[in-house]
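# Summary of structural features
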Amino acid sequence: MKKVALITGATGGIGSAISSQLINDGFKVIATYIKPMYDHSVEWVKEKGFSDDQIRLLELDVTKVDECQATLTKLLEEEGSVDVLVNTAGITRDAQFKKMTADDWQAVINTNLNSVFNVTHPIFPSMLEKKSGRIVNITSVNGIKGQFGQTNYSAAKAGMIGFTKALALEGAKYGVTVNAVAPGYTATPMVAKMREDVLDAIKAEIPMKRLATPEDIANAVAYLVSDAGAYITGETLSVNGGLYMH
Ligand code: CAA
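Reading the values: rules and limits
- Residues numbered from 1 in each chain as written.
- Predicted model: local features only at pLDDT ≥ 70, side-chain atom pairs only at ≥ 80, totals over all residues.
- Heavy atoms only, no water.
- Near = heavy atom within 4 Å.
- Polar contact = N/O pair within 3.5 Å; in protein donor to acceptor, adjacent residues only side chain to side chain.
- Areas by Shrake-Rupley, 256 points an atom, 1.4 Å probe, with all protein chains shown as cover.
- Helix = DSSP H or I, 4+ residues; strand = E, 2+ residues; numbered from the N terminus.
- Nonpolar A, V, L, I, M, F, W, Y, C, P; charged D, E, K, R; others polar.
- Expected span 1.5 Å × (residues − 1).
- Buried < 20%, exposed > 50% of the residue type's maximum accessible area, 1.4 Å probe, protein only.
- Contact = heavy atoms within 4.5 Å.
- UniProt positions renumbered as here; feature names shortened; annotations may be inferred.
- Pairing = 2+ DSSP bridges.
- Right-handed = clockwise from strand over helix to strand, strands pointing away.

## A short note on the site of the ligand
- As a matter of local geometry, the ligand sits amid 19 residues, with Asp94, Lys99, Ser140, Tyr153 and Tyr185 nearest to it.
- Between the ligand and tyrosine 153 there is a distance of 2.7 Å, counted from an oxygen atom to a side-chain nitrogen or oxygen.
- Note that an oxygen atom of the ligand is positioned 2.7 Å from one of the side-chain N or O atoms of tyrosine 185.
- Here the ligand has 1100 Å² of accessible area as a free molecule, and 58% of this is covered by the chains.
- Mapped onto the shell around the ligand, the elements with two or more residues apiece are helix H7 (189-192) and helix H8 (196-205).
- In terms of residue class, the shell around the ligand is built from eight nonpolar, eight polar and three charged.

## Focus: helix H1 (residues 13-24)
- With 12 residues, H1 should cover 16 Å at 1.5 Å per step; its first-to-last C-alpha distance of 17 Å lies within 8% of that length.
- With respect to burial, H1 is a largely interior element, nine of its 12 residues being buried.
- Those residues of H1 lying buried are Ile14, Gly15, Ser16, Ala17, Ile18, Ser19, Ser20, Leu22 and Ile23.
- Glycine 26 lies just past H1 and shows a positive phi near 100°.

## Here we look at the environment of valine 119
- With respect to the element layout, valine 119 can be found in helix H4 (residues 102-130).
- You can call valine 119 buried: its relative accessible area is 0%.
- Each residue touching valine 119, except ones within four places of it in the same chain, is listed here: Leu6, Thr8, Leu60, Val62, Cys68, Leu72, Leu85 and Asn87.

## Here we look at the UniProt feature "domain: Ketoreductase" (unreviewed entry) in the protein chain
- Using the residue numbers shown here, the UniProt feature "domain: Ketoreductase" (unreviewed entry) corresponds to residues 3-184.
- With 51% helix and 18% strand, residues 3-184 has end C-alpha atoms that lie 29 Å from one another.

## Examining the pairing of strand E4 (residues 84-87)
- Of the two faces of E4, the one lined by Val84 and Val86 and the one lined by Leu85 and Asn87 are each fully buried.
- Here strand E1 (residues 4-7) runs beside E4; their pairing, made up of three bridges, is parallel. From the neighbouring strand, isoleucine 7 faces E4, where its bridge partner is valine 86.
- Two elements, E4 and strand E5 (residues 133-138), share four bridges in a ladder whose sense is parallel. Bridging across to E5, asparagine 87 finds its partner in asparagine 137.
- After leaving E4, the chain enters H4 and then returns to the sheet as E5, a path that is right-handed.

Structure (structure tokens):
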């Protein structure tokens, strides 16, 4: 039986690389999507040539607590277990704080942070019961160092790090590890939509002088969920080309 990995935001920039990597590592990936992304998700699976025993698309709005509870309880029954959970779903609504609307704030907190409760809460007890499981939360360099124009995003991503450490303590004696991966600026559609002059200035500050590839991030996740990562918990692994060292 293949181990099952549930990945939110699975066909986005970083999520799709994590999905591919874990499929290549032998997992069955449950890839969540929201309705507007359905055609894109199907297209992506087709392009990759993945089969039904390698990937299953699951419609899930991670901002809806009741929907997550119902859908993920059913998923557990259908799949038997979820061995790995990667919380990847995230959005940006960048603006200087003085210009930020309440909607910009709430959208980012809901999608990037409240989603982590909504998705992890139905799954975590089953990992404790099974006495094994891996959770990886995709945070950001900007949740560690802060970023001009990202009070909402930095707050949500910093919140994920606190959540990771606290939940790691609750999972530890059951052999359930909880870690975070903190990407730097990564070549994804999210970063591509930044203002060119702002992105150029950031690139100039990266000691490795390049953006991360989505695969750089996926490799870190693959390590944390592999047997080699069994004794690592509560950790935030930065993959940022030296942009920020903490
Ligand atoms: N530090 C200090 N001051 C800064 C600054 C910085 N990093 N960036 C801009 N400023 C200053 C500017 O110099 C300018 O000053 P003056 O008015 O004196 O000239 C003032 O702030 C206004 O700057 P902008 O023109 O940039 O302001 P804006 O309101 O037009 O734009 C913004 C605001 C959209 C937030 C823009 O600054 C921006 O895009 N910033 C980058 C945000 C960012 O890094 N987003 C990452 C998205 S990708 C992602 O989030 C993935 C991940 O995990 C890394």
